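Breakdown of the fold
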Amino acid sequence: MIDIHSHVIFDVDDGACDIGQSIEIIKEMISVGVTDLICTPHYRLKMFETSKEKVETNFNVLSKKVAELNLNINLYLGREIYFNKSIYKELELFKINNNKIILIEFSYTNNPEIEEVLYNIKRFGFKVIIAHIERYEYLSFDDIVNLKSKNVYIQINASTIVGRNGSKERKKAFKLIKAGVVDFIASDIHYNRTNYLKEAYDIINKKFGKEMCEKLFNQNAKFLIEV
């Protein structure tokens, strides 16, 4: 599996606090079948403003430790940006694995006019992955299908698939998967959260079949790591 959304880098956001916790998360990732892990620490004004330099330093320290321990996993660097109007001039800071693609999070309750945001980001030559789209209360099924038509990528959390975020979000996620508009299922793992990737994989396999599983947990993400 390829996990495109995780908070595993230590001491940069509300994910792992220290490198020991980072390694614990990574060992669990390996145990559930993750081979490639994109690390996406938060960037959010007045909450998570860790510098690019510190994120890169801690990522490199973690990568070195993973190599020293002979852990069979590949790490890649990105960020998860919480939308604010100042991000447009800073997009280069948040690329996933040096691709012109960003993972963006929006308010769960207040619509920031997402279509306009996507248009503005595209003007800078970037593509967008919308993080855990099932959480945004103001986006209906039809709204999300419309967004997908704007050439964006859609990510859903594994915890939603197993029902940890309520039946409403779970039903919404299944409907979106059935409609073929979901691109990735990811862990969004933090140190204090359970990794539901394997359980989610098994549920999707049973409900939609092996081919859909491979797309959502592996194949669709390959272009992000093959640079």
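First, a word on what this report is: a plain description of the structure on this page. (Residues numbered from 1 in each chain as written. Predicted model: local features only at pLDDT ≥ 70, side-chain atom pairs only at ≥ 80, totals over all residues. Heavy atoms only, no water.)

**So, the overall build of the protein chain**
Helix and strand counts for the protein chain come out as 9 helices and 9 strands. Taking 2.2 N^0.38 as the reference for a compact globule, 227 residues should give roughly 17 Å; the C-alpha atoms of the protein chain span a radius of gyration of 17 Å, in line with that estimate. Dimensions along the principal axes, computed over C-alpha positions, put the protein chain at roughly 50 × 45 × 30 Å. Looking at the 227 residues of the protein chain, the share that counts as buried comes to 54%. Of the contacts formed within the protein chain by residues at least 6 apart in sequence, a portion of 73% connects residues at least 24 apart. In the form shown here, the protein chain has an accessible surface area of approximately 10,700 Å², with 47% of it arising from carbon and sulfur atoms. In the protein chain, 32 side chains carry a positive charge and 31 a negative one; their mean positions are 4 Å apart. (Helix = DSSP H or I, 4+ residues; strand = E, 2+ residues; numbered from the N terminus. Rg over C-alpha atoms; globule rule 2.2 N^0.38 Å. Buried < 20%, exposed > 50% of the residue type's maximum accessible area, 1.4 Å probe, protein only. Contact = heavy atoms within 4.5 Å. Areas by Shrake-Rupley, 256 points an atom, 1.4 Å probe, with all protein chains shown as cover. Lys, Arg positive; Asp, Glu negative; His and termini not counted. Charge placed at Lys NZ, Arg CZ, Asp CG, Glu CD.)

**Topic: the side chain of R135**
For R135, the position within the fold is in the loop between strand 7 (127–130) and helix 4 (141–148). Those residues in contact with R135 that lie beyond four places of it in its chain are Y108, N157, E169, D188 and R193.

**Some remarks on the sheet that holds strand 4 (residues 74–77)**
The strand order across the open sheet formed by 3 strands is 1-2-4, and the pairing between neighbours is parallel. Each end of this open sheet is capped by a strand with a single partner; those strands are strand 1 (2–3) and strand 4. Strand direction decides the pairing type here: strand 1 and strand 2 (residues 36–39), joined by 2 bridges, are parallel. Bridged to D3 within strand 2 is L37. Sitting on the sheet, helix 2 (residues 52–68) touches strand 2 and strand 4, and the angle it makes with strand 4 is about 175°. (Pairing = 2+ DSSP bridges. Axes fitted to C-alpha atoms, helices over the stretch in contact; angles between N-to-C directions.)

**Regarding the nonpolar core**
Across soluble globular proteins, you tend to see nonpolar side chains buried next to one another. Counting residues in hydrophobic clusters, the biggest one holds 82 residues, and the most contacted among them are I121, I130 and I133. Other than its neighbours up to four places away in sequence, I133 contacts L139, I144, L147, I154, Q155, I156, K172 and L176. (Core = buried A, V, L, I, M, F, W, Y, C linked by side-chain atoms within 4.5 Å.)

**Things to note about the packing of aromatic side chains**
Across all of its chains, the model carries 11 aromatic pairs by this definition. Between Y136 and Y138, the aromatic rings sit 6.1 Å apart at their centres with planes inclined by 20°, giving stacked as the arrangement. Taken as a pair, Y136 and Y138 share a single burial class, namely buried. Sitting above the plane of the F174 ring, K207 keeps its charged end 4.9 Å from the centroid. (Phe/Tyr/Trp six-rings, centres within 6.5 Å; stacked < 30°, edge-to-face > 60°. Lys NZ or Arg CZ within 6 Å of the ring centre and 35° of its normal.)

**Here's the deal with helix 8 (residues 210–217)**
Within the sequence span of helix 8, burial applies to C213, L216 and F217. Down the axis of helix 8, the buried side of the element spans an arc of 80°, and every buried residue falls inside it. Tucked inside the fold, the buried residues of helix 8 contact strand 1, helix 6 (167–178), strand 9 (184–186) and helix 7 (197–208). (Arc of directions from axis to C-beta.)

**Remarks on the environment of L224**
Along the chain, the position of L224 falls in helix 9 (residues 222–225). L224 sits 128 residues away from I96 along the chain, and the two C-alpha atoms are 7.1 Å apart. Leaving out residues up to four positions away in the same chain, L224 has contacts with I4, I38, I96, N97, N99, I101, I129 and F184.

**What about the sheet that holds strand 3 (residues 42–43)?**
Across the sheet, 6 strands lie side by side as 3-5-6-7-8-9; this open sheet has parallel pairing. Looking along the sheet, the strands with just one partner apiece sit at the ends: strand 3 and strand 9. Where strand 7 meets strand 8 (residues 153–157), 2 bridges bridge the pair, whose relative direction is parallel. By the bridge assignment for strand 8, I130 is matched with I154.

**As for the pairing of strand 2**
Residue alternation in strand 2 divides its side chains into two sets, D36 and I38 and L37 and C39, and both sets are buried. For the handedness criterion, the β-α-β arrangement of strand 1, helix 1 (residues 19–31) and strand 2 is classed as right-handed. (Right-handed = clockwise from strand over helix to strand, strands pointing away.)

**What about the packing of helix 6 against helix 7?**
Packing of helix 6 against helix 7 brings their axes to within 12 Å, and their N-to-C directions diverge by 55°. Relative to helix 7, the element helix 6 lies oblique. Along this stretch, helix 6 crosses helix 7, giving a crossing that reads as right-handed. Counting all contacts with helix 6, which are made through R170, F174, I177 and K178, the residues of helix 7 involved are I203, I204, K207 and F208. (Parallel < 35°, antiparallel > 145°, perpendicular 65-115°, else oblique. Left-handed = near helix turned anticlockwise from the far one by under 90°.)

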